[in-house]
Amino acid sequence: MNALCIIGGRVLRPDCSVENADVVVDTDTGRIHDIGEDIAADYDVAETLDADGCLVMPGLVNAHTHVAMTLLRGYADDKPLDSWLREDIWPAEAELEPEDVRAGTELGLIEMIRSGTTTFADMYFEVPEIAAAVEASGMRARLGHGIVTVAKDDAEAATDIEEGLRVAREFDGAADGRIHTAFMPHSLTTVDEKFLRESVATARENDIPLHFHANETTDEVDPIVEERDQRPLAFADELGMISEEDFLAHGVHVDAEEIELLAEHGTGVIHCPASNMKLASGIAPVQQMLDAGVTVGIGTDGAASNNDLDMFDELRDAAMLGKLGADDASAVPAEAAITAATAGSADAIGLPGGRIEEGGVADIAVVDLDAPHLAPAHDVVSHLAYAVRGSDVRHTICDGQILMRDREVLTLDEEEVVETACERAMALVERAE
Ligand SMILES: [Zn+2]
(Lines give C-alpha, C1' and ligand atoms only; values in the text may rest on other atoms or scores of the structure.)
Protein backbone atom coordinates (compact mmCIF):
# COMPACT_ATOMS: atom_id res chain seq x y z
CA MET A 1 0.00 0.00 0.00
CA ASN A 2 1.18 3.51 -0.79
CA ALA A 3 0.20 5.43 2.33
CA LEU A 4 -0.55 9.11 2.64
CA CYS A 5 -0.78 10.14 6.27
CA ILE A 6 -2.56 13.24 7.55
CA ILE A 7 -0.76 13.79 10.82
CA GLY A 8 -1.47 15.54 14.09
CA GLY A 9 -4.93 16.95 13.56
CA ARG A 10 -8.37 16.52 15.02
CA VAL A 11 -10.88 14.52 13.00
CA LEU A 12 -14.57 15.25 12.49
CA ARG A 13 -16.47 11.94 12.58
CA PRO A 14 -19.84 11.31 10.87
CA ASP A 15 -21.73 11.88 14.16
CA CYS A 16 -20.03 15.31 14.41
CA SER A 17 -17.86 14.21 17.33
CA VAL A 18 -14.23 15.34 17.19
CA GLU A 19 -11.19 13.26 18.19
CA ASN A 20 -7.41 13.61 18.03
CA ALA A 21 -6.31 11.25 15.28
CA ASP A 22 -4.10 10.67 12.29
CA VAL A 23 -5.74 9.58 9.05
CA VAL A 24 -3.99 7.03 6.84
CA VAL A 25 -5.04 7.01 3.20
CA ASP A 26 -4.32 4.21 0.75
CA THR A 27 -3.50 6.22 -2.35
CA ASP A 28 -3.72 3.11 -4.56
CA THR A 29 -7.40 2.60 -3.79
CA GLY A 30 -8.20 6.22 -2.91
CA ARG A 31 -9.77 5.07 0.35
CA ILE A 32 -9.28 5.81 4.04
CA HIS A 33 -7.34 2.87 5.47
CA ASP A 34 -7.11 3.75 9.16
CA ILE A 35 -7.99 6.46 11.68
CA GLY A 36 -6.44 6.66 15.15
CA GLU A 37 -4.26 8.53 17.55
CA ASP A 38 -0.51 8.43 16.77
CA ILE A 39 -0.84 5.66 14.20
CA ALA A 40 1.42 7.23 11.55
CA ALA A 41 4.47 5.42 12.98
CA ASP A 42 2.78 2.05 12.31
CA TYR A 43 2.85 2.62 8.58
CA ASP A 44 5.49 2.88 5.93
CA VAL A 45 4.33 6.32 4.92
CA ALA A 46 5.14 7.53 1.41
CA GLU A 47 3.74 11.03 1.88
CA THR A 48 2.52 13.16 4.77
CA LEU A 49 0.32 16.19 5.26
CA ASP A 50 0.73 18.24 8.39
CA ALA A 51 -2.57 18.82 10.22
CA ASP A 52 -1.22 20.32 13.43
CA GLY A 53 -3.79 22.80 14.74
CA CYS A 54 -6.20 21.68 12.01
CA LEU A 55 -9.51 19.89 11.72
CA VAL A 56 -9.66 16.99 9.26
CA MET A 57 -13.16 16.86 7.85
CA PRO A 58 -14.95 15.35 4.86
CA GLY A 59 -14.53 17.28 1.63
CA LEU A 60 -17.59 19.45 1.09
CA VAL A 61 -20.08 18.39 -1.57
CA ASN A 62 -21.58 21.19 -3.67
CA ALA A 63 -24.72 19.34 -4.75
CA HIS A 64 -26.16 21.85 -7.19
CA THR A 65 -24.21 24.27 -9.31
CA HIS A 66 -23.54 25.51 -12.81
CA VAL A 67 -19.79 25.85 -12.42
CA ALA A 68 -18.95 27.63 -15.67
CA MET A 69 -21.28 30.48 -14.66
CA THR A 70 -18.23 31.86 -12.84
CA LEU A 71 -17.75 33.69 -16.17
CA LEU A 72 -20.92 35.69 -15.42
CA ARG A 73 -20.10 36.42 -11.77
CA GLY A 74 -21.15 40.01 -11.12
CA TYR A 75 -22.47 40.45 -14.68
CA ALA A 76 -26.12 40.95 -13.67
CA ASP A 77 -27.41 41.27 -10.13
CA ASP A 78 -30.38 42.56 -8.16
CA LYS A 79 -33.15 41.18 -10.40
CA PRO A 80 -35.81 38.46 -9.92
CA LEU A 81 -35.15 35.00 -11.40
CA ASP A 82 -37.30 35.29 -14.51
CA SER A 83 -36.05 38.64 -15.82
CA TRP A 84 -32.49 37.87 -14.70
CA LEU A 85 -32.55 34.68 -16.82
CA ARG A 86 -34.34 36.13 -19.83
CA GLU A 87 -32.70 39.57 -20.02
CA ASP A 88 -29.16 38.80 -18.93
CA ILE A 89 -28.13 35.20 -18.43
CA TRP A 90 -29.70 33.35 -21.35
CA PRO A 91 -28.58 35.94 -23.99
CA ALA A 92 -25.00 35.69 -22.67
CA GLU A 93 -25.16 31.90 -22.54
CA ALA A 94 -26.35 31.83 -26.16
CA GLU A 95 -22.89 33.15 -27.07
CA LEU A 96 -20.94 30.51 -25.12
CA GLU A 97 -18.26 28.62 -26.97
CA PRO A 98 -16.90 25.28 -25.76
CA GLU A 99 -13.61 26.95 -24.75
CA ASP A 100 -15.57 29.42 -22.59
CA VAL A 101 -17.19 26.58 -20.67
CA ARG A 102 -13.81 24.92 -20.18
CA ALA A 103 -12.29 28.18 -18.87
CA GLY A 104 -15.22 29.02 -16.57
CA THR A 105 -15.33 25.47 -15.23
CA GLU A 106 -11.61 25.43 -14.44
CA LEU A 107 -11.98 28.75 -12.62
CA GLY A 108 -14.84 27.32 -10.55
CA LEU A 109 -12.96 24.09 -9.82
CA ILE A 110 -10.00 26.05 -8.46
CA GLU A 111 -12.34 28.12 -6.29
CA MET A 112 -13.97 24.95 -4.96
CA ILE A 113 -10.69 23.13 -4.30
CA ARG A 114 -9.41 26.22 -2.45
CA SER A 115 -12.48 26.20 -0.21
CA GLY A 116 -12.46 22.47 0.61
CA THR A 117 -15.00 21.17 -1.88
CA THR A 118 -14.06 17.82 -3.41
CA THR A 119 -17.29 16.85 -5.13
CA PHE A 120 -20.10 18.60 -6.98
CA ALA A 121 -23.15 18.12 -9.18
CA ASP A 122 -23.25 20.31 -12.27
CA MET A 123 -25.93 21.16 -14.81
CA TYR A 124 -24.62 23.02 -17.83
CA PHE A 125 -23.72 22.88 -21.51
CA GLU A 126 -20.66 21.50 -23.35
CA VAL A 127 -20.38 18.61 -20.90
CA PRO A 128 -17.34 17.07 -22.67
CA GLU A 129 -15.39 20.25 -21.77
CA ILE A 130 -16.59 20.07 -18.17
CA ALA A 131 -15.68 16.39 -17.92
CA ALA A 132 -12.18 17.11 -19.23
CA ALA A 133 -11.72 19.86 -16.64
CA VAL A 134 -12.96 17.58 -13.83
CA GLU A 135 -10.62 14.81 -14.96
CA ALA A 136 -7.62 17.19 -14.90
CA SER A 137 -8.60 18.71 -11.55
CA GLY A 138 -8.86 15.40 -9.67
CA MET A 139 -12.32 16.24 -8.33
CA ARG A 140 -15.41 14.00 -8.22
CA ALA A 141 -18.63 15.05 -9.96
CA ARG A 142 -22.05 14.15 -11.27
CA LEU A 143 -22.50 15.98 -14.58
CA GLY A 144 -25.37 16.59 -16.94
CA HIS A 145 -26.45 18.69 -19.91
CA GLY A 146 -29.09 21.27 -18.94
CA ILE A 147 -32.07 20.97 -21.27
CA VAL A 148 -34.46 23.83 -22.06
CA THR A 149 -37.13 23.40 -24.77
CA VAL A 150 -39.24 26.55 -24.36
CA ALA A 151 -38.88 28.90 -27.33
CA LYS A 152 -37.34 26.10 -29.42
CA ASP A 153 -38.94 24.31 -32.36
CA ASP A 154 -39.45 20.54 -32.13
CA ALA A 155 -36.26 19.68 -34.01
CA GLU A 156 -34.12 21.94 -31.81
CA ALA A 157 -35.74 20.61 -28.67
CA ALA A 158 -35.18 17.00 -29.78
CA THR A 159 -31.51 17.77 -30.45
CA ASP A 160 -31.12 19.23 -26.97
CA ILE A 161 -32.71 16.18 -25.37
CA GLU A 162 -30.60 13.81 -27.44
CA GLU A 163 -27.48 15.65 -26.26
CA GLY A 164 -28.67 15.26 -22.65
CA LEU A 165 -29.07 11.51 -23.06
CA ARG A 166 -25.86 11.14 -25.07
CA VAL A 167 -23.57 12.79 -22.53
CA ALA A 168 -25.28 10.93 -19.69
CA ARG A 169 -24.44 7.63 -21.38
CA GLU A 170 -20.99 8.59 -22.62
CA PHE A 171 -19.43 10.10 -19.50
CA ASP A 172 -20.82 7.86 -16.78
CA GLY A 173 -17.80 6.26 -15.11
CA ALA A 174 -15.27 8.62 -16.77
CA ALA A 175 -12.10 9.91 -15.05
CA ASP A 176 -11.42 6.51 -13.42
CA GLY A 177 -14.96 6.43 -12.04
CA ARG A 178 -14.83 9.91 -10.48
CA ILE A 179 -17.41 11.19 -12.96
CA HIS A 180 -21.00 10.03 -13.02
CA THR A 181 -23.89 11.56 -14.88
CA ALA A 182 -27.57 12.41 -14.76
CA PHE A 183 -30.27 13.44 -17.21
CA MET A 184 -30.98 17.10 -16.46
CA PRO A 185 -34.13 18.78 -17.78
CA HIS A 186 -33.83 22.37 -16.49
CA SER A 187 -37.25 22.45 -14.78
CA LEU A 188 -40.89 21.42 -15.09
CA THR A 189 -41.75 24.75 -16.73
CA THR A 190 -38.78 25.20 -19.07
CA VAL A 191 -39.13 21.78 -20.71
CA ASP A 192 -42.45 21.01 -22.43
CA GLU A 193 -44.53 18.18 -21.01
CA LYS A 194 -44.43 16.07 -24.18
CA PHE A 195 -40.64 16.17 -24.20
CA LEU A 196 -40.46 15.46 -20.48
CA ARG A 197 -42.70 12.39 -20.83
CA GLU A 198 -40.66 10.84 -23.64
CA SER A 199 -37.20 11.67 -22.36
CA VAL A 200 -37.77 10.73 -18.73
CA ALA A 201 -39.02 7.32 -19.87
CA THR A 202 -35.84 6.87 -21.94
CA ALA A 203 -33.63 7.94 -19.02
CA ARG A 204 -35.44 5.48 -16.75
CA GLU A 205 -34.98 2.63 -19.24
CA ASN A 206 -31.25 3.41 -19.27
CA ASP A 207 -30.98 3.65 -15.45
CA ILE A 208 -29.90 7.29 -15.67
CA PRO A 209 -30.80 9.40 -12.61
CA LEU A 210 -32.58 12.73 -13.01
CA HIS A 211 -31.71 16.16 -11.72
CA PHE A 212 -33.87 19.26 -12.24
CA HIS A 213 -34.87 22.57 -10.65
CA ALA A 214 -38.21 22.35 -8.82
CA ASN A 215 -40.47 24.62 -6.77
CA GLU A 216 -37.88 27.37 -6.84
CA THR A 217 -40.22 30.38 -7.09
CA THR A 218 -43.97 30.95 -6.85
CA ASP A 219 -43.82 32.08 -10.51
CA GLU A 220 -42.83 28.53 -11.35
CA VAL A 221 -45.28 26.78 -9.00
CA ASP A 222 -48.47 28.79 -9.65
CA PRO A 223 -48.83 28.12 -13.41
CA ILE A 224 -48.52 24.37 -12.83
CA VAL A 225 -51.15 24.45 -10.07
CA GLU A 226 -53.50 26.60 -12.18
CA GLU A 227 -53.11 24.57 -15.35
CA ARG A 228 -53.12 21.10 -13.86
CA ASP A 229 -54.80 21.52 -10.50
CA GLN A 230 -51.81 19.58 -9.21
CA ARG A 231 -48.74 20.50 -7.16
CA PRO A 232 -45.46 20.49 -9.16
CA LEU A 233 -43.99 17.50 -7.36
CA ALA A 234 -47.19 15.48 -7.80
CA PHE A 235 -46.82 16.25 -11.52
CA ALA A 236 -43.14 15.27 -11.39
CA ASP A 237 -44.11 12.04 -9.65
CA GLU A 238 -46.65 11.28 -12.38
CA LEU A 239 -43.87 11.80 -14.92
CA GLY A 240 -41.65 9.34 -13.02
CA MET A 241 -39.14 11.97 -11.89
CA ILE A 242 -39.22 11.38 -8.12
CA SER A 243 -37.18 8.25 -7.53
CA GLU A 244 -34.53 7.40 -4.98
CA GLU A 245 -31.65 8.10 -7.38
CA ASP A 246 -33.10 11.46 -8.47
CA PHE A 247 -32.41 14.81 -6.84
CA LEU A 248 -33.93 18.22 -7.30
CA ALA A 249 -32.62 21.69 -6.69
CA HIS A 250 -34.26 24.29 -4.45
CA GLY A 251 -37.59 22.89 -3.18
CA VAL A 252 -38.41 26.33 -1.76
CA HIS A 253 -42.17 26.34 -2.21
CA VAL A 254 -43.10 22.79 -1.21
CA ASP A 255 -46.19 21.90 0.81
CA ALA A 256 -46.49 19.18 3.46
CA GLU A 257 -47.72 16.58 0.95
CA GLU A 258 -44.81 17.27 -1.37
CA ILE A 259 -42.37 16.92 1.53
CA GLU A 260 -43.99 13.59 2.39
CA LEU A 261 -43.68 12.49 -1.24
CA LEU A 262 -39.94 13.31 -1.26
CA ALA A 263 -39.38 11.46 2.01
CA GLU A 264 -41.33 8.39 0.87
CA HIS A 265 -39.50 8.15 -2.43
CA GLY A 266 -36.05 8.96 -1.02
CA THR A 267 -35.56 11.81 -3.50
CA GLY A 268 -32.84 14.27 -2.49
CA VAL A 269 -33.45 18.01 -2.21
CA ILE A 270 -30.57 20.40 -2.74
CA HIS A 271 -31.00 23.54 -0.70
CA CYS A 272 -29.41 26.65 -2.24
CA PRO A 273 -29.88 29.33 0.42
CA ALA A 274 -27.72 32.13 -1.04
CA SER A 275 -29.34 31.89 -4.47
CA ASN A 276 -32.81 31.78 -2.88
CA MET A 277 -32.04 34.91 -0.87
CA LYS A 278 -30.35 36.81 -3.71
CA LEU A 279 -33.14 36.15 -6.21
CA ALA A 280 -35.75 36.64 -3.45
CA SER A 281 -37.14 33.21 -4.33
CA GLY A 282 -38.26 32.43 -0.78
CA ILE A 283 -37.19 30.34 2.21
CA ALA A 284 -37.11 26.56 1.87
CA PRO A 285 -38.64 24.68 4.84
CA VAL A 286 -35.39 22.85 5.56
CA GLN A 287 -36.10 21.84 9.16
CA GLN A 288 -39.50 20.47 8.11
CA MET A 289 -37.84 18.44 5.39
CA LEU A 290 -35.21 17.10 7.80
CA ASP A 291 -37.94 16.23 10.34
CA ALA A 292 -39.81 14.33 7.63
CA GLY A 293 -36.68 12.33 6.76
CA VAL A 294 -35.92 13.95 3.40
CA THR A 295 -32.27 13.68 2.30
CA VAL A 296 -31.18 17.32 2.20
CA GLY A 297 -27.98 18.45 0.51
CA ILE A 298 -26.58 21.93 -0.01
CA GLY A 299 -25.50 23.67 -3.20
CA THR A 300 -24.21 27.08 -4.18
CA ASP A 301 -26.15 27.21 -7.46
CA GLY A 302 -24.24 29.13 -10.15
CA ALA A 303 -21.76 31.84 -9.22
CA ALA A 304 -23.92 34.43 -11.00
CA SER A 305 -26.62 34.03 -8.34
CA ASN A 306 -24.49 33.67 -5.22
CA ASN A 307 -21.78 35.04 -6.11
CA ASP A 308 -19.20 32.49 -4.98
CA LEU A 309 -18.77 28.73 -4.74
CA ASP A 310 -17.65 28.68 -1.09
CA MET A 311 -19.58 25.88 0.65
CA PHE A 312 -18.69 27.22 4.12
CA ASP A 313 -20.60 30.38 3.22
CA GLU A 314 -23.43 28.23 2.00
CA LEU A 315 -23.75 25.99 5.03
CA ARG A 316 -23.73 29.04 7.29
CA ASP A 317 -26.48 30.60 5.16
CA ALA A 318 -28.41 27.31 5.43
CA ALA A 319 -28.21 27.36 9.21
CA MET A 320 -29.17 31.04 9.45
CA LEU A 321 -31.97 30.98 6.88
CA GLY A 322 -33.33 27.74 8.33
CA LYS A 323 -33.81 29.49 11.67
CA LEU A 324 -35.43 32.53 10.08
CA GLY A 325 -37.76 30.34 8.03
CA ALA A 326 -38.80 28.22 11.00
CA ASP A 327 -38.98 31.26 13.32
CA ASP A 328 -36.93 29.12 15.69
CA ALA A 329 -33.26 29.70 16.61
CA SER A 330 -32.82 25.98 17.31
CA ALA A 331 -33.80 24.99 13.75
CA VAL A 332 -31.07 23.74 11.36
CA PRO A 333 -28.37 23.60 14.06
CA ALA A 334 -24.64 23.54 13.26
CA GLU A 335 -24.46 19.72 13.07
CA ALA A 336 -27.41 19.58 10.66
CA ALA A 337 -25.92 22.20 8.35
CA ILE A 338 -22.49 20.50 8.31
CA THR A 339 -24.03 17.08 7.73
CA ALA A 340 -26.17 18.43 4.89
CA ALA A 341 -23.11 19.98 3.20
CA THR A 342 -21.16 16.71 3.41
CA ALA A 343 -22.94 13.34 3.84
CA GLY A 344 -26.38 14.74 2.95
CA SER A 345 -25.14 16.20 -0.32
CA ALA A 346 -23.17 13.06 -1.22
CA ASP A 347 -26.16 10.82 -0.52
CA ALA A 348 -28.57 13.10 -2.39
CA ILE A 349 -26.47 13.10 -5.57
CA GLY A 350 -25.61 9.42 -5.23
CA LEU A 351 -21.83 9.73 -5.00
CA PRO A 352 -19.55 8.36 -2.28
CA GLY A 353 -18.00 10.65 0.33
CA GLY A 354 -19.12 13.12 2.94
CA ARG A 355 -17.78 11.03 5.84
CA ILE A 356 -14.38 10.41 7.41
CA GLU A 357 -14.58 6.66 8.04
CA GLU A 358 -12.39 3.62 7.50
CA GLY A 359 -13.02 2.12 4.07
CA GLY A 360 -14.70 5.29 2.83
CA VAL A 361 -13.37 7.34 -0.07
CA ALA A 362 -10.53 9.67 0.90
CA ASP A 363 -12.28 12.94 0.02
CA ILE A 364 -10.97 15.25 2.72
CA ALA A 365 -10.60 18.93 3.63
CA VAL A 366 -8.05 19.98 6.26
CA VAL A 367 -9.14 23.23 7.89
CA ASP A 368 -6.60 25.41 9.71
CA LEU A 369 -8.17 26.51 12.98
CA ASP A 370 -5.25 28.72 13.98
CA ALA A 371 -6.74 32.11 13.08
CA PRO A 372 -8.01 35.10 15.10
CA HIS A 373 -11.57 34.69 13.79
CA LEU A 374 -11.56 31.09 15.09
CA ALA A 375 -10.34 31.88 18.62
CA PRO A 376 -11.15 30.74 21.22
CA ALA A 377 -12.00 27.18 20.22
CA HIS A 378 -14.91 26.51 22.56
CA ASP A 379 -16.65 24.35 20.00
CA VAL A 380 -15.06 23.35 16.72
CA VAL A 381 -18.36 22.18 15.23
CA SER A 382 -19.88 25.59 15.93
CA HIS A 383 -16.88 27.20 14.22
CA LEU A 384 -17.33 25.03 11.13
CA ALA A 385 -20.91 26.20 10.75
CA TYR A 386 -20.62 29.81 11.84
CA ALA A 387 -17.03 31.10 11.68
CA VAL A 388 -14.81 29.11 9.30
CA ARG A 389 -14.23 30.55 5.82
CA GLY A 390 -13.27 28.69 2.69
CA SER A 391 -9.89 30.40 2.81
CA ASP A 392 -9.15 28.58 6.09
CA VAL A 393 -8.83 25.29 4.20
CA ARG A 394 -5.16 24.28 4.12
CA HIS A 395 -5.16 20.96 2.21
CA THR A 396 -7.75 19.35 -0.07
CA ILE A 397 -7.68 15.65 -0.99
CA CYS A 398 -9.98 13.78 -3.36
CA ASP A 399 -9.94 10.07 -4.14
CA GLY A 400 -6.67 9.84 -2.18
CA GLN A 401 -4.93 12.45 -4.34
CA ILE A 402 -3.74 15.77 -2.93
CA LEU A 403 -5.44 18.53 -4.94
CA MET A 404 -4.19 21.39 -2.75
CA ARG A 405 -1.26 21.38 -0.34
CA ASP A 406 -0.64 24.36 1.95
CA ARG A 407 -3.06 26.43 -0.18
CA GLU A 408 -1.30 25.65 -3.43
CA VAL A 409 -3.54 23.95 -5.99
CA LEU A 410 -1.47 21.15 -7.54
CA THR A 411 -3.72 19.87 -10.31
CA LEU A 412 -4.53 23.07 -12.23
CA ASP A 413 -2.38 26.12 -13.02
CA GLU A 414 -4.15 28.78 -11.00
CA GLU A 415 -2.56 31.85 -12.60
CA GLU A 416 -3.19 30.65 -16.12
CA VAL A 417 -6.74 29.53 -15.38
CA VAL A 418 -7.73 32.88 -13.85
CA GLU A 419 -6.18 34.83 -16.73
CA THR A 420 -7.86 32.73 -19.43
CA ALA A 421 -11.25 32.84 -17.68
CA CYS A 422 -11.13 36.63 -17.37
CA GLU A 423 -10.22 37.07 -21.04
CA ARG A 424 -12.96 34.69 -22.15
CA ALA A 425 -15.54 36.32 -19.86
CA MET A 426 -14.85 39.79 -21.21
CA ALA A 427 -15.08 38.61 -24.84
CA LEU A 428 -18.29 36.68 -24.04
CA VAL A 429 -20.21 39.64 -22.62
CA GLU A 430 -18.99 41.81 -25.48
CA ARG A 431 -20.52 39.36 -27.99
CA ALA A 432 -23.75 39.27 -25.97
CA GLU A 433 -24.21 43.03 -25.83
ZN1 LIG B 1 -29.54 26.09 -10.58
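Residues numbered from 1 in each chain as written. Predicted model: local features only at pLDDT ≥ 70, side-chain atom pairs only at ≥ 80, totals over all residues. Heavy atoms only, no water.

Turning next to the pattern of salt bridges. Two side chains with opposite charge may pair up if their charged atoms get near one another. In the structure shown here, the tally under the stated rule is 31 salt bridges. R394 is the partner of D50 in a salt bridge, and the nearest nitrogen-oxygen pair spans 3.3 Å. Taken together, the residues D50 in strand β4 (residues 45-50) and R394 in strand β16 (residues 393-398) connect sequence positions 344 residues apart. Taking the relative accessible area as the measure of exposure, R394 reaches 17% and is therefore buried. (Salt bridge = Lys/Arg side-chain N within 4 Å of Asp/Glu carboxyl O. Helix = DSSP H or I, 4+ residues; strand = E, 2+ residues; numbered from the N terminus. Buried < 20%, exposed > 50% of the residue type's maximum accessible area, 1.4 Å probe, protein only.)

This paragraph deals with the UniProt feature "binding site: Zn(2+)" (unreviewed entry) in the protein. As recorded in UniProt, the feature "binding site: Zn(2+)" (unreviewed entry) lies at H64, H66, H213 and D301. These annotated residues cover 238 residues of sequence, and their C-alpha atoms lie no more than 11.9 Å from one another, placing them together at a single site. With respect to the element layout, H66 can be found in the loop between β6 (60-65) and α1 (81-93). Residues within four places of H66 in sequence aside, it is in contact with D122, M123, Y124, H213, D301 and G302. Relative to the helices and strands, H213 is located in strand β11 (residues 211-214). H213 gets classed as buried once you look at its relative accessible area, which sits at 4%. What H213 contacts, discounting residues up to four positions off in sequence, is H64, H66, M123, P185, H186, S187, L188, E220, A249, H250 and D301. (UniProt positions renumbered as here; feature names shortened; annotations may be inferred. Contact = heavy atoms within 4.5 Å.)

Further remarks concern the pairing of strand β3 (residues 31-36). Sheet topology note: the strand β2 (residues 18-26)/β3 ladder contains five bridges and is antiparallel. Bridged to D22 within β3 is G36. Counted between consecutive antiparallel strands, the loop separating β2 from β3 contains four residues, among which G30 sits at a positive phi close to 75°. (Pairing = 2+ DSSP bridges.)

A few words on a negative patch on the surface. A contiguous patch of negative charge on the surface is contributed by D413, E415, E416, E419 and E423. Within the fold, E416 resides in helix α14 (residues 414-432). (Patch = residues over 30% accessible without salt bridge, like charges linked within 9 Å, V, L, I, M, F, W, Y side chains within 5 Å. Areas by Shrake-Rupley, 256 points an atom, 1.4 Å probe, with all protein chains shown as cover. Lys, Arg positive; Asp, Glu negative; His and termini not counted. Charge placed at Lys NZ, Arg CZ, Asp CG, Glu CD.)

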